[in-house]
Amino acid sequence: MARTHDIVILDDAANQGAFANDPYIKKNNTKSVLCAPLLYQDRLRGIIYMENNLTIGAFTRDRVQILEILAAQAAISLENATFYETLNNLNLSLNKEIDVRKRAEEALRSLNETLEQRVLERTVQLEKANESLKQADRLKDEFLSIITHELRSPLNAILGFASVLDDEVLGPLNDQQHASLSKLIKGADRLLLLINDLLDFAKIRAGRFTISPEETSYDSLVAEAVESMAPLAKAKKLSIDTEVRVPQKVIIDPRYITQVLVNLLSNSIKFTPPEGKIHIRAFVRGEDLVTEVQDTGIGIKSEDLSRLFSPFQQLEAGLAYKVGGTGLGLSISKGIVEAHGGTITADSPGPGKGSTFWFRIPLTSGRLRNP
Ligand SMILES: Nc1ncnc2c1ncn2[C@@H]1O[C@H](COP(=O)(O)OP(=O)(O)OP(=O)(O)O)[C@@H](O)[C@H]1O
Ligand SMILES: [Mg+2]
């Protein structure tokens with residue numbers, strides 16, 4: 001019946017048919033038997049089994065018809081019950097899932113709160129640390145400013161009296177004394193330059209750096225800067241080409257712009273191997289005065305370009321060529337160019353391929369900045 005889905009009716013099971021020898025039928029002397037499938041959409045959901053041990057042929061056609069209707073109802077009820085159970089189970093697991101999620105959300109929320117709290121605490125700590133760093137920085141700048149200022153007066157006295165001696169105002173000197181004196185003056189001159197650099201640097205840092213722009217012939221200014229560096233270039237067998245196309249006079253601080261030119265030139269001389277070339281070009285582009293110093297030197301790695309203009313930055317590649325220097329030249333140059341309302345930049349195709357430094361100053365800078 002499970003296979004064929006047909007109703008099986010036995011009128012006298014114990015005495016006739018295939019189940020007469022069935023031990024259960026025999027033992028109970030079962031007479032009428034009815035076995036009907038509970039079908040839902042052609043699937044067997046269960047079986048109704050009925051027996052009657054008193055009457056033969058108890059399951060008449062009418063009764064079977066009623067049973068068939070009941071079987072159909074029972075199958076639907078069974079299906080519904082199963083469905084309900086599945087639904088219930090689904091609901092339960094859904095509730096569990098919601099529970100887990102809620103707990104996770106709660107954990108996340110409290111983690112977030114702790115994190116926010118920590119960020120807040122750290123921010124306060126950082127702000128404090130920052131403030132004391134700024135304070136230390138200010139003190140350092142002030143210290144630098146005072147100390148360099150104080151160093152300058154005795155050094156000027158040394159230089160002054162050395163010159164007086166050298167000029168033989170106080171009496172004649174022999175060659176040996178002259179030679180020693182000129183070494184002393186050279187050393188003191190270098191010291192003065194260094195102190196002046198430090199003083200400018202301190203002023204730039206403190207925002208107290210001022211320029212005194214005046215009408216200047218840029219041609220002559222560049223020529224003088226190149227001339228002052230010529231002996232150094234010559235000593236390294238370096239050629240310096242100059243190309244200045246600035247027709248009109250420009251308003252700049254000649255002393256400080258010379259300092260920028262000298263620094264760029266001295267860098268090119270320092271970091272270019274013998275027999276190399278240095279090219280300096282100046283021209284007007286739009287409203288700007290542009291100056292470019294190009295060399296065939298050791299070049300600069302692209303990742304180093306951005307830190308060149310920070311104070312005390314000396315690149316490793318340059319150390320082999322280094323003869324003194326503090327690493328302040330470019331940062332001071334940047335301060336000077338910016339005080340003129342301009343910008344300074346460096347570029348290099350890579351190590352060993354030379355470098356180009358150029359700075360741009362608005363032609364109106366003098367009038368804008370220092371009326
Ligand atoms: N033309 C150049 N070619 C290759 N590297 C350069 C060039 N100019 C500057 N640099 C690199 O940039 C660094 C910083 O230059 P900067 O002029 O600020 O300092 P410095 O020349 O080392 O010392 P200072 O100018 O104080 O005497 C140099 O040490 C060098 O590593
Ligand atoms: Mg330098």
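Residues numbered from 1 in each chain as written. Chains lettered and ligands numbered in written order. Predicted model: local features only at pLDDT ≥ 70, side-chain atom pairs only at ≥ 80, totals over all residues.

Bringing the overall build of the chain into the picture now. When you go through the chain residue by residue, the secondary structure sums to eight helices and ten strands. Against the 2.2 N^0.38 benchmark of 21 Å for 371 residues, the chain shows a C-alpha radius of gyration of 51 Å, more extended than a compact globule. Taken over the C-alpha atoms alone, the chain extends approximately 160 × 45 × 45 Å along its principal axes. A buried classification covers 21% of the 371 residues belonging to the chain. In the chain, of all internal contacts separated by at least 6 residues, the share reaching a separation of at least 24 is 66%. (Helix = DSSP H or I, 4+ residues; strand = E, 2+ residues; numbered from the N terminus. Rg over C-alpha atoms; globule rule 2.2 N^0.38 Å. Buried ≥ 20, exposed ≤ 12 C-beta atoms within 10 Å, placed from the backbone. Contact = placed C-beta atoms within 7 Å.)

Let us now look at the domain arrangement of the chain. What the domain assignment lists for the chain is domain 1 (8-82), domain 2 (130-206) and domain 3 (214-369). If you look at the interface, domain 2 gives four residues, while domain 3 gives six residues. In terms of residue class, the side of domain 2 that touches domain 3 is built from two nonpolar, no polar and two charged. (Domains from an automatic or database assignment. Nonpolar A, V, L, I, M, F, W, Y, C, P; charged D, E, K, R; others polar.)

Now for the packing of helix α3 (residues 175-206) against helix α7 (residues 329-339). Axis separation between α3 and α7 bottoms out at 10 Å; the angle between their running directions is 50°. Relative to α7, α3 is oriented oblique. When the axes of α3 and α7 are compared, the crossing they make is left-handed. For the pair α3 and α7, contact is made by Asp-197, Asp-200, Phe-201 and Ile-204 and by Ser-331, Ile-332 and Gly-335, respectively. Of the residues assigned to the contact of α3 with α7, the class counts are three nonpolar, two polar and two charged. (Axes fitted to C-alpha atoms, helices over the stretch in contact; angles between N-to-C directions. Parallel < 35°, antiparallel > 145°, perpendicular 65-115°, else oblique. Left-handed = near helix turned anticlockwise from the far one by under 90°.)

With a phi close to 65°, Asp-42 is a non-glycine residue in the positive phi region. Note on placement: Asp-42 falls in the loop between β2 (32-40) and β3 (43-52). You will see that Glu-168, though not glycine, has its phi angle at about 60°, which is positive. Looking at the element boundaries, Glu-168 is found in the loop between α2 (61-166) and α3. Taking the number of C-beta atoms within 10 Å as the measure of exposure, Glu-168 has 11 and is therefore exposed.

Among the nonpolar cores identified, the biggest contains 39 residues, and Val-222, Val-260, Leu-261 and Leu-265 are the most heavily contacted of them. Elements that contribute at least two residues to this core include exactly α3, α4 (218-235), β6 (250-252), α5 (254-270), β7 (277-285), β8 (288-295), α7 and β10 (355-362). Top contributing element to this core by residue count: α5, with seven residues. No fewer than three residues from each of domain 2 (130-206) and domain 3 (214-369) sit in this core. (Core = buried A, V, L, I, M, F, W, Y, C linked by C-beta atoms within 7 Å.)

What follows deals with the sheet that holds β7. Taking strand neighbours across the sheet as the criterion, the five strands line up as β5-β7-β8-β10-β9 in an open arrangement whose pairing is mixed. Both edges of this open sheet fall to β5 (239-245) and β9 (343-347), since each of them pairs with a single strand only. Across the sheet, the mean angle separating the axes of adjacent strands is 10° when strand polarity is ignored. In terms of strand pairing, β7 meets β8 through eight bridges, oriented antiparallel. Across the sheet, residue Phe-283 finds its bridge partner in β8, namely Val-290. Along the sheet, α4 contacts β5, β7 and β8; its crossing angle with β5, the most-contacted strand, is approximately 175°. (Pairing = 2+ DSSP bridges.)

Right, let's get into α2. Spanning 106 residues, α2 covers 148 Å between terminal C-alpha atoms, matching the ideal 158 Å at 1.5 Å per step. Across the 106 residues of α2, two count as buried, placing the element largely on the outside. Directly after α2, the chain includes Glu-168, whose backbone phi takes a positive value near 60°. (Expected span 1.5 Å × (residues − 1).)

This next bit is on the environment of Glu-316. For Glu-316, the position within the fold is in helix α6 (residues 316-319). As for Glu-316 and Ala-339, which are separated by 23 residues in sequence, their C-alpha atoms are 29 Å apart.

Pairing within the open sheet is antiparallel, and its three strands lie in the order β1-β2-β3. The open sheet has two edge strands, β1 (8-10) and β3, and neither has a second partner. Neighbouring strand axes in the sheet, compared pairwise and without regard to direction, differ in orientation by 15° on average. Where β2 lies against β3, nine bridges are found, and the strand directions are antiparallel. Note on β3: the bridge partner recorded for Pro-37 is Ile-47. In this fold α2 packs onto β1, β2 and β3, with an angle of close to 40° to the strand it touches most, β2.

A separate point is the pairing of β7. Looking at chain direction, β5 and β7 are connected through seven bridges and run parallel. By the bridge assignment for β7, Ile-240 is matched with Ile-278. Where β7 folds back onto β8 in an antiparallel hairpin, the turn is made up of two residues, including Gly-286, whose phi is positive at roughly 60°.

Now for α4. For α4, which comprises 18 residues, the first-to-last C-alpha distance of 26 Å matches the rise-based estimate of 26 Å (1.5 Å per residue) to within 8%. The principal kink in α4, of about 45°, is found at Met-229, preceding the proline Pro-231 by one to four residues. Those residues of α4 lying buried are Tyr-218, Leu-221, Val-222, Ala-225 and Met-229. On the buried face of α4, the contacting elements are β4 (214-216), β5, β6, α5, β7 and β8. Backbone geometry just after α4 places Lys-237 at a positive phi near 55°. (Bend = angle between axes of the 7 residues up to and from the residue.)

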